[in-house]
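Per-entry structural report
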Amino acid sequence: MAALGWLTPRRRSATARSVLAGEASAEAARKTALADTPPLTGPEREAREEAEALARAEAREPQEPAEPEFPVAGDDLAAAFFDLDNTVMQGAAIFHFGRGLYKRAFFQRRELARFAWQQAWFRLAGVEDPDHMQDARDSALSIVKGHKVSELMAIGEEIYDEYMAERIWPGTRALAQAHLDAGQKVWLVTAAPVETATIIARRLGLTGALGTVAESVDGIYTGRLVGEPLHGPAKAEAVRALAAAEELDLARCAAYSDSHNDIPMLSLVGHPYAINPDTKLRKHARTHDWRLRDYRTGRKAVKVGVPAAAGVGAIAGGAAAAIALHRRRK
């Protein structure tokens, strides 16, 4: 499985490794686009149709001020690019994936406790912490090394149903559906494994996904990445490469993210959106007159008024969940 990793949150220009990561991700995304994947099963098709109906209903609700028509129907030179973690889905995909792998005895109890700690931090802080994300990346690489790509893909399908499907933000899903209804392609862009991202994109009826690409030889993961994690400047390089291959006009495209780390990607397109933004992205978006959407509830209380005991409780809860899972697995 391609492994998750984050660079430091400091903005910087693209390196040769980030360009390589972006180009590798764009190539993988085009190979695994929705048009090339097997048709959905009956239950999967019904779940997607239900999600699309809910998304359209959400889009019809008069929650936002009137704006010029966007996306523009029939504009095939435009596409939409969505960050995944905390933009399309609550929490980080890699942590949900790790929880599913633990359930299947891929690693030990102490490693699950670390995943629980990282997820608790992500939920409370609402931002990507480079130390936690680097640790998650290294853990994921060691866990999947030597496993078949096909094995992890099959498990990823199960994990989506178990832990991810119910964490999709309806508001962001509605935005993606609006682009699809306008006849445009919609891509996830994430530091999460490209295989995991592709599964999520397919289940949501999106076109495909750009994600971190892990090296494999004869269908077996080597434990190394191609280039670097798809994060920060690497995301922008992936979008740029895909747009060139798809002959898109980036000035007519849209991009959506919650993180200031994705400012390079958001700055590429003519229609940038800050979704559930962190403090730095919110400030940047307001300065540059970017559109804002926030689908979270109680966000201010979490960011400002959470007592220290609440943070301890969240961590304790994560540890308790780890122990409970361990006992059930036995």
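The shown structure was predicted, so the numbers you read here are calculated from the model rather than taken from an experiment.

Here we take up the overall build of the protein. When its secondary structure is counted, the protein shows 13 helices and eight strands. By residue count, 53% of the 330 residues in the protein fall in the buried class. In the protein, 71% of the contacts between residues at least 6 apart in sequence involve partners at least 24 apart. Total accessible area computed for the protein in this model is approximately 14800 Å², and 54% of it derives from carbon and sulfur atoms.

Among the five residues in strand β7 (residues 271-275), four count as buried, and that is most of the element. Of the pairings in the sheet, the one linking strand β6 (residues 254-257) to β7 comprises four bridges and is parallel in character. Considered in β7, the bridge of A255 is made with P272. The sheet contact formed by β7 and strand β8 (residues 291-293) spans three bridges and is parallel. Counted as the bridge partner of I275 is R293 from β8. The handedness of the β7 to β8 crossover, carried by helix α11 (residues 279-287), is right-handed.

The next point concerns helix α6 (residues 149-164). At E158, α6 shows its strongest bend, of approximately 25°. Buried residues of α6: L152, I155, G156, E157, I159, Y160, Y163 and M164, and no others.

The next subject is the packing of helix α3 (residues 93-103) against α6. To characterise two packed helices, one gives the angle between the axes of the helices and the distance between these axes. Contact pair α3 / α6: the axes reach a minimum separation of 9 Å and the direction vectors enclose 110°. With respect to α6, the axis of α3 lies roughly perpendicular. Mapping the contact onto sequence places A93, H96, F97, R99, G100, L101 and K103 in α3 and L152, I155, G156, I159, E162, Y163 and M164 in α6. Split into classes, the residues belonging to the contact of α3 with α6 amount to eight nonpolar, three polar and three charged.

A few words on the pairing of strand β4 (residues 214-217). Alignment of β4 against strand β5 (residues 220-225), held across three bridges, turns out to be antiparallel. Bridge pairing in β5 links S216 to Y221. Between β4 and β5, which pair antiparallel in sequence order, lie two residues; one of them, D218, sits at a positive phi of approximately 55°.

Turning to the packing of aromatic side chains, a few remarks are in order. Scanning the model with the defined rule gives three aromatic pairs in all. Geometrically, the ring pair formed by F70 and Y273 is stacked, given 6.3 Å between the ring centres and 20° between the ring planes. On the criterion of sequence distance, the pair formed by F70 in the loop between α2 (42-60) and β1 (79-83) and Y273 in strand β7 is long-range, its members being 203 residues apart. Its relative accessible area of 22% is what places F70 among the partly exposed residues. Taken together, a centroid distance of 4.1 Å and an interplanar angle of 5° make the contact between F82 and Y256 stacked. Of this pair, F82 sits in strand β1 while Y256 sits in strand β6, and the two are 174 residues apart along the sequence. Y256 sits in the buried class, given a relative accessible area of 1%. An aromatic cluster of at least three residues, connected via ring pairs, comprises F70, F82, Y256 and Y273.

What counts and what doesn't
- Residues numbered from 1 in each chain as written.
- Predicted model: local features only at pLDDT ≥ 70, side-chain atom pairs only at ≥ 80, totals over all residues.
- Heavy atoms only, no water.
- Helix = DSSP H or I, 4+ residues; strand = E, 2+ residues; numbered from the N terminus.
- Buried < 20%, exposed > 50% of the residue type's maximum accessible area, 1.4 Å probe, protein only.
- Contact = heavy atoms within 4.5 Å.
- Areas by Shrake-Rupley, 256 points an atom, 1.4 Å probe, with all protein chains shown as cover.
- Pairing = 2+ DSSP bridges.
- Right-handed = clockwise from strand over helix to strand, strands pointing away.
- Bend = angle between axes of the 7 residues up to and from the residue.
- Axes fitted to C-alpha atoms, helices over the stretch in contact; angles between N-to-C directions.
- Parallel < 35°, antiparallel > 145°, perpendicular 65-115°, else oblique.
- Nonpolar A, V, L, I, M, F, W, Y, C, P; charged D, E, K, R; others polar.
- Phe/Tyr/Trp six-rings, centres within 6.5 Å; stacked < 30°, edge-to-face > 60°.

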